[in-house]
Amino acid sequence: MQVAARFITQHNKLMIGIFVVLTLVLAWFVQNFKIDASAETLLLKNNKLYIETQVINQRFAPQEFILVAYEPKSGDVFSDESFTTIAQLSEAFSKLDRVASVTNILNVPLLSKATSLDAKLDPDEWKWQSKHYAPQEMREVFKNHPLYTDLLVNQAMTATAIQVVFKADKALSDIQNQITDLQKKVLNDELTEQDQQQINSLRQQADPLEQKLNQQRQKEINEIYHIIEPYKQQANIYLGGAQVLAFQLIDIIQNDLVIFGSAIGVVICLLLWVIFGQFRWVLIPIICCAVSVVLTIGLFGLLDLRTTVISSNFVALQLILTLAIVIHLLVEYRQLAGQLPDVTQQELVQTTFINKLKPCFYAGFTTCVGFASLLFSGIQPVVSFGWMMMVAMVISILVSLILFPAIVSLFNRQDKIQVHRISRFIINGLQRLSLSQPNWIFAISLVLLLASAVGLSKLSVENSFINYFDKSTRVFKELSFIDQQFGGSTQLDIIYNIPEVQQDKELVLSAQSVQSLQKVQFIMRQFAAMGNVTSVVNFTELAQIINSGKPLTEYELTVIYRLIDKSLTEQLLGSYFSPETQQLRISSRIKDTTEGLNRAEFMQTLKQDVEGVSVVPHSFVLGNLFVLYQDILQRLFSSQILTMGIVYAALFVVLLAIFRSFKIALIAIIPNILSTMLVLGLMGWFKIPLDLMTITIAAIAMGIAVDDTIHFVHRFTHESHDKSAADAVKATYASIGFALLYTTFIITLGFSLLSFSDFVPSVMFGLLTGLAMLVALLTDLTLLPAMLSRFCQGSEQVKG
């Protein structure tokens, strides 16, 4: 350690030069760093549910589209003025490069106006474009229409929607189909190593095409917003769809990074100045934090490691970790400067490095163990977040332990040491409390632990992307309007594998199959959260209207299906019926804005009810995004909450290896358990659900708490060699206590600014991170010293 300390201080300019070069090189790759907010980044790629959904999408070929909802501010949606505007908008949308078709109330076949179903039926003859129906006649046609209600017209008949359908990228689709064909093996068997290698190779081929497509999608969304802008004075116009959500997520995350990142940086600078009172103690920490972040982002850009919605806060977390290490070094330096008035600046920096190398390394290592809990999830974006934070932690340690002493050694020695009276009052008060009232602290801690356990049992897992946005934002208004007025926003499919007893070679569909679908659709529509539901049943209802209100027999249905032009049957039924595989699809959307929606309970009840009407057990299969998100949430809950015991055990082993004392390791792990439990317990009590964004708070709380614990216990073990336990605790308070207090104060106040964000996950991250830091501070400055002074009495020597 002494050799390393001397090398850094004697070759400080070389060290700084190396970091300058590394920072400049990796800064170039920052431009390659990407935020991927697509829905697929949150899904399990080799999970059976995911593969089943991919197979469904491949088989029924649902198209990519954006929904543009049009609500006149005055007048009627069924009016000549509205028809003119709809036609103008549709014409403008159709000119976009990748648009395949634009569907609206003016160009869909109004087959309910037809007098009969026969082979000569030409759908083009029954469009408004051909017949120019009067507005009132159009209103009557679309009222409670079996196909178009909740799709092109809302129930209240006050708004209409334009569906902009995009062409698929043929090369990308071919690769994705090849991947799906290989992944199908998982449904019945396991993938071979050769299969997995081939999938990985295909994904590498697909990646540049996907990146290009995502850039094109962002451009298209911007163009659509530009097209609708002139019409906003006469109508409310809203955009919806999976790609719109991804676009908005990326946009708001990037804005938050710039706006709140800058604001937090300014506040941290001001607080550093207030606490330490010198420009150098503002400049050096900021340089270390900036270099750490640039090196990390540049490295991720170089390696093409992309952040998702889940890991988008890693920059803020790295800022916290780097600042914590730097403040510990800074406080140690200032205290040594007061204690060692005769040593040189070089010697002072070297002593600071030697004293803090072990605790900083130990703290970083145990923090990595805390974030390693994310690796248990088995969910790629969460696993990636775990690895990203461990890499970020390593970079933060290296930058802080090398760059900080190298820069400080360039300055003259500072002898003026001043501790604010408020800081001293808080530290002295906590010290007296922990030493004079340990029994009360133990009792309160036990009560809090029990209350946290109760709160933990109240934790729920919910995820609504719409509720990620503040209600005043454009994106919330757009998504919630479409969710409420146009049949929901999250896709849920039910696939019916037609049993052999219902199959007849002479019939396209048997009456029993249609009746089974009717029963399921009836069940689905009983749920308040269920939005649009469409299947073959809707077409039979339309056929009944055309057939003068008389339902078609299964034989009539078969004759019509075989007589009508194939392109029309494919247009009408291709997304809902697969004759080759004898499967029927019920397409539905869930209304995410439904008040009090418990998604887990909804899924369980729906499965039970659907299974109850099955002719053959397990003939109905649920799939698509709603099912996949619920599966991910349940897996995350299991991995992050139920495996905490494993992580605590791992932390205990690491602490045992560091301090080589069973008693010290046991004492050190208890505040970490209490800190994590308190954060999660408070979330349970205040009904803050765990979702895809807040699920990682357990790892974050653990990482922050263990960092504080290591520094406190390491200093205590050092002081206890020649002091009693009580005196060792007092000495530890006088050094480490201030570093913990300053770090918590600066970061909590800085990140409290996130509460002003329009992005709810950022608000929750700021508040929960601040809570985690405050809880860690209180447990490590009350419970931890109380246990150390009580259970490490006398001249007992502990190894550190």
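A. Broad picture of the pattern of salt bridges. As enumerated under the stated definition, the model contains 15 salt bridges in all. The partner of Arg 139 in a salt bridge is Asp 76, with the nearest N and O atoms 2.7 Å apart. Taken together, the residues span a long stretch of sequence, with Arg 139 in helix α6 (residues 135-142) and Asp 76 in the loop between β1 (65-72) and α4 (80-94) at a distance of 63 residues. On the basis of relative accessible area, Asp 76 is assigned to the partly exposed category, the value being 29%. The residue Lys 232 makes a salt bridge to Glu 229 at a minimum N-O spacing of 3.8 Å. Among the residues examined, Glu 229 registers a relative accessible area of 47% and is labelled partly exposed. Linked through salt bridges whose partners overlap, the residues forming this network are Glu 64, Arg 98, Arg 217 and Glu 220.

B. Geometry of the packing of aromatic side chains. All chains considered together, the criterion is met by 22 aromatic pairs. Between Phe 442 and Phe 791, the aromatic rings sit 6.0 Å apart at their centres with planes inclined by 25°, giving stacked as the arrangement. Linking Phe 442 in helix α16 (residues 438-457) with Phe 791 in helix α28 (residues 760-791), this pair joins segments that are 349 residues apart in sequence. We classify Phe 791 as partly exposed; its relative accessible area is 41%. Consider the rings of Tyr 496 and Phe 620, whose centres lie 4.4 Å apart with planes at 15°: the pair is stacked. Pair noted here: Tyr 496 is in strand β5 (residues 490-497) and Phe 620 is in strand β9 (residues 620-623), with a separation of 124 residues, a long-range link. Per residue, the accessibility class of Tyr 496 equals that of Phe 620, and both read buried. Put simply, the rings of Phe 33, Phe 300 and Phe 314 pair up and form one aromatic cluster. Directly above the ring of Trp 281 sits Arg 280, whose terminal nitrogen or CZ lies 5.7 Å from the centroid. Above the ring of Tyr 225, the side-chain terminus of Arg 474 is found at 4.0 Å from the ring centroid.

C. Broad picture of the side chain of Thr 709. Within the fold, Thr 709 resides in helix α26 (residues 697-719). When its relative accessible area of 1% is taken as the criterion, Thr 709 is described as buried. When sequence neighbours within four positions are dropped, the list of residues in contact with Thr 709 reads Ala 668, Asn 672, Asp 780 and Leu 784.

D. Spatial organisation of the nonpolar core. The biggest cluster of nonpolar side chains holds 144 residues, and the ones touching the most others in it are Phe 314, Phe 371, Phe 404, Phe 751 and Leu 788. No other element matches the 17 residues that helix α12 (residues 314-339) contributes to this core. Other than its neighbours up to four places away in sequence, Phe 404 contacts Trp 281, Ile 284, Cys 288, Val 326, Leu 329, Leu 330 and Val 399. Val 141, Phe 142, Val 514 and Leu 542 belong to the second largest nonpolar core, which has 75 residues in total.

The rules behind these values
- Residues numbered from 1 in each chain as written.
- Predicted model: local features only at pLDDT ≥ 70, side-chain atom pairs only at ≥ 80, totals over all residues.
- Heavy atoms only, no water.
- Salt bridge = Lys/Arg side-chain N within 4 Å of Asp/Glu carboxyl O.
- Helix = DSSP H or I, 4+ residues; strand = E, 2+ residues; numbered from the N terminus.
- Buried < 20%, exposed > 50% of the residue type's maximum accessible area, 1.4 Å probe, protein only.
- Phe/Tyr/Trp six-rings, centres within 6.5 Å; stacked < 30°, edge-to-face > 60°.
- Lys NZ or Arg CZ within 6 Å of the ring centre and 35° of its normal.
- Contact = heavy atoms within 4.5 Å.
- Core = buried A, V, L, I, M, F, W, Y, C linked by side-chain atoms within 4.5 Å.

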